[in-house]
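# Residue-level structural notes
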Amino acid sequence: MRKLNIGLLGLGQIGTGVYSVLRAKHKLYQKELGVSFDLVKVADVRKERQRALRIPAGVFTTDAFEVIRDPKIDVIIELIGGTRVARKVVLEALRHGKHVVTANKALLAEFGDEVFGLAVRRRRMIAFEASVGGGIPVIKALREGLVANRIESIHSIINGTSNYILTRMTQDGLDFQVALKQAQAKGYAEADPTLDVEGIDAAHKLAILVRFAFGGKVRFKDIHCEGISEIRSEDIAFAEEFGYRIKLLAIAKASAAGIEARVQPTLLPKAHILANVNEAFNAVLLRGDEVGDVLFYGRGAGQRPTTSAIISDLTDIAKRMPGRLEDEMILLRGLRARLKVKNISSILSRYYLRFHVIDRPGVLAKISRVLGAHSISISDCVQKETSAGKIVPLILLTHHAHERDVRDAIRLIARLDVIRGKSQVIRIEGN
Ligand SMILES: NC(=O)c1ccc[n+]([C@@H]2O[C@H](COP(=O)([O-])OP(=O)(O)OC[C@H]3O[C@@H](n4cnc5c(N)ncnc54)[C@H](OP(=O)(O)O)[C@@H]3O)[C@@H](O)[C@H]2O)c1
């Protein structure tokens with residue numbers, strides 16, 4: 001029987017789940033996985049957690065570093081979150097010779113070079129399945145099941161909060177603010193929802209996916225990031241009329257000229273498989289040069305799915321300890337090259353453009369003249385009718401155009417005397 005001595009840091013939503021499952025299924029995992037997961041020490045700054053979880057005296061502490069320094073412990077599970085304390089404890093754990101399991105995407109996206117670099121130097125494992133897509137085993141698939149492939153593209157829905165909000169806007173016709181309040185009431189969104197609705201959380205996860213899919217480092221700040229807070233219910237309705245749904249996608253594409261890596265609201269044809277991923281679900285669609293398209297779908301957050309991924313990581317570590325660490329080191333060393341990320345202005349895409357215009361003759365001609373001068377051709381167009389002189393929405397879909405040209409054209413169109421308010425620009429994928 002293999003034995004893994006565990007130190008658990010952070011008993012919040014996920015830490016509580018991990019603690020409870022490791023206790024409840026201790027015997028089952030011994031029998032079925034052949035591993036004895038022994039919780040040696042557990043830390044949280046909130047003392048009340050000890051009583052709530054009935055943690056025996058001598059196992060609980062409020063000092064995370066006491067756990068890290070314990071020589072009996074083989075692996076530290078970091079579930080504190082954020083980057084300030086978590087970075088210190090993860091680096092300190094590696095320096096003390098511990099393997100690390102973490103669900104912390106912000107830490108790995110922003111400080112991945114430092115964390116993975118130290119893991120290699122100290123010859124220790126760092127496992128992070130729970131950091132992307134919660135319970136979906138996408139990291140394991142990239143590292144094992146798909147190794148025969150060069151990954152060509154990633155299209156993913158990896159922020160459950162935004163997906164829930166967009167689902168409510170689409171299915172119930174709600175405005176963004178009302179849908180956000182519902183997400184908060186259901187516990188899907190934090191009181192400060194910025195990380196989720198502005199696309200930052202998805203960009204953190206995309207940075208991790210890109211590293212392991214394309215085999216190299218990206219600077220987090222090179223990932224272009226747009227959220228959903230500017231999406232209006234009218235955009236959802238117009239997209240629907242044209243046969244599309246709006247999703248917050250995290251996209252990466254490999255090419256000889258560099259990689260594209262961006263998080264953005266996106267119009268997807270209604271029949272596209274990702275257009276049908278609703279509520280708080282996540283999905284990752286990978287394209288490999290041998291396998292073609294592979295889809296991973298499931299719960300991207302929450303206590304039980306995330307715990308499932310963490311226990312899978314613990315099992316991996318138990319199976320590699322102590323003899324099979326070299327495989328891990330070869331893999332991590334191979335990921336040190338810096339990948340060139342293309343600037344967003346150089347990408348080629350189709351676009352949904354929405355303007356609020358004064359309803360009078362010649363408006364469309366004025367706008368299409370500017371678009372034409374920037375080599376942007378229109379594939380579809382709708383103008384809602386009201387009485388003359390009123391403000392109406394005008395929606396245009398374009399053929400493929402360069403982002404740089406689209407931005408320049410929108411800047412000029414904004415100055416036309418027929419335009420009122422801010423224009424909307426959303427990229428189209430999937431056809
Ligand atoms: N929640 C999810 O569905 C989910 C899914 C995937 C990944 N994750 C990731 O999992 C990690 C944990 O998330 P969570 O939702 O469980 O967070 P959480 O509920 O905020 O739990 C974190 C716990 O750590 C405690 N803590 C803060 N500083 C500490 C310190 N120095 N030493 C020991 N404990 C400390 C916190 O106490 P205070 O509350 O007093 O600060 C809190 O009890 C994050 O990296 C998150 O991104 C979460």
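Relevant structure appears above.
Residues numbered from 1 in each chain as written. Predicted model: local features only at pLDDT ≥ 70, side-chain atom pairs only at ≥ 80, totals over all residues. Heavy atoms only, no water.

For D196, the position within the fold is in helix α10 (residues 194-197). As a buried residue without a salt bridge, D196 has its nearest oppositely charged side chain in K205, at a separation of 6.0 Å. At 3.3 Å, the side chain of D196 and the side chain of T161 are in polar contact. If we skip the residues at most four places from it in the chain, D196 touches N159, T161, S162, E190, D201 and L248. (Helix = DSSP H or I, 4+ residues; strand = E, 2+ residues; numbered from the N terminus. Buried < 20%, exposed > 50% of the residue type's maximum accessible area, 1.4 Å probe, protein only. Lys, Arg positive; Asp, Glu negative; His and termini not counted. Salt bridge = Lys/Arg side-chain N within 4 Å of Asp/Glu carboxyl O. Polar contact = N/O pair within 3.5 Å; in protein donor to acceptor, adjacent residues only side chain to side chain. Contact = heavy atoms within 4.5 Å.)

Near the ligand lie 20 residues; those nearest to it are I14, D44, R46, R49 and G302. Separating an oxygen atom of the ligand from a backbone N or O atom of I14 is a distance of 2.8 Å. Contact distances for the ligand include 2.9 Å between an oxygen atom and a side-chain N or O atom of R46. Within the complex, 74% of the 890 Å² of free accessible area of the ligand lies under protein. The cavity that encloses the ligand is the largest pocket. Here the residues of the shell around the ligand sort into nine nonpolar, seven polar and four charged. (Near = heavy atom within 4 Å. Areas by Shrake-Rupley, 256 points an atom, 1.4 Å probe, with all protein chains shown as cover. 1 Å grid on protein atoms, 1.4 Å probe; cavity = no way out; pocket = protein on both sides within 12 Å on 5 of 7 lines; lining within 4 Å. Sits in = over half its atoms within 2 Å of the grid points. Nonpolar A, V, L, I, M, F, W, Y, C, P; charged D, E, K, R; others polar.)

The grouping of I273, L295 and Y297 at the surface amounts to a nonpolar patch, some 280 Å² of accessible area in total. Mapped onto the elements of the fold, I273 is located in the loop between β10 (258-269) and β11 (281-288). On the basis of relative accessible area, I273 is assigned to the partly exposed category, the value being 48%. (Patch = residues over 30% accessible without salt bridge, like charges linked within 9 Å, V, L, I, M, F, W, Y side chains within 5 Å.)

Evaluation of the coordinates by the stated rule reveals one cavity of 30 Å³ or more. Of all the elements in the fold, those that place two or more residues in the lining of the largest cavity are α7 (138-145) and α13 (303-320). No fewer than three residues from each of domain 1 (2-127 + 303-333) and domain 2 (138-299) sit in the lining of the largest cavity. (Points joined across faces, edges and corners; volume = space filled by probe spheres on them. Domains from an automatic or database assignment.)

A few words on the layout of surface pockets. Reported here for the largest pocket is a volume of approximately 1500 Å³. Q13, I14, G81, K105 and E190 are, among the 49 residues lining the largest pocket, the residues nearest its centre. Elements represented by at least two residues in the lining of the largest pocket include exactly α1 (13-24), α6 (105-121), α8 (160-172), α10 and α11 (200-214). What the second largest pocket holds in volume is close to 510 Å³. Along its surface, the second largest pocket is lined by 23 residues, and E230, K422, S423, Q424 and V425 are the ones closest to its centre. Put simply, the parts of the chain that give the lining of the second largest pocket at least two residues each are β13 (348-358), α16 (403-414) and β17 (419-428). Among the elements that make up the lining of the second largest pocket, the one with the highest residue count is β17 (eight residues). When the residues that make up the lining of the second largest pocket are grouped by side-chain class, the tally is seven nonpolar, six polar and ten charged. Summarising the domain contributions, the lining of the second largest pocket has at least three residues from each of domain 2 (138-299) and domain 3 (345-428).

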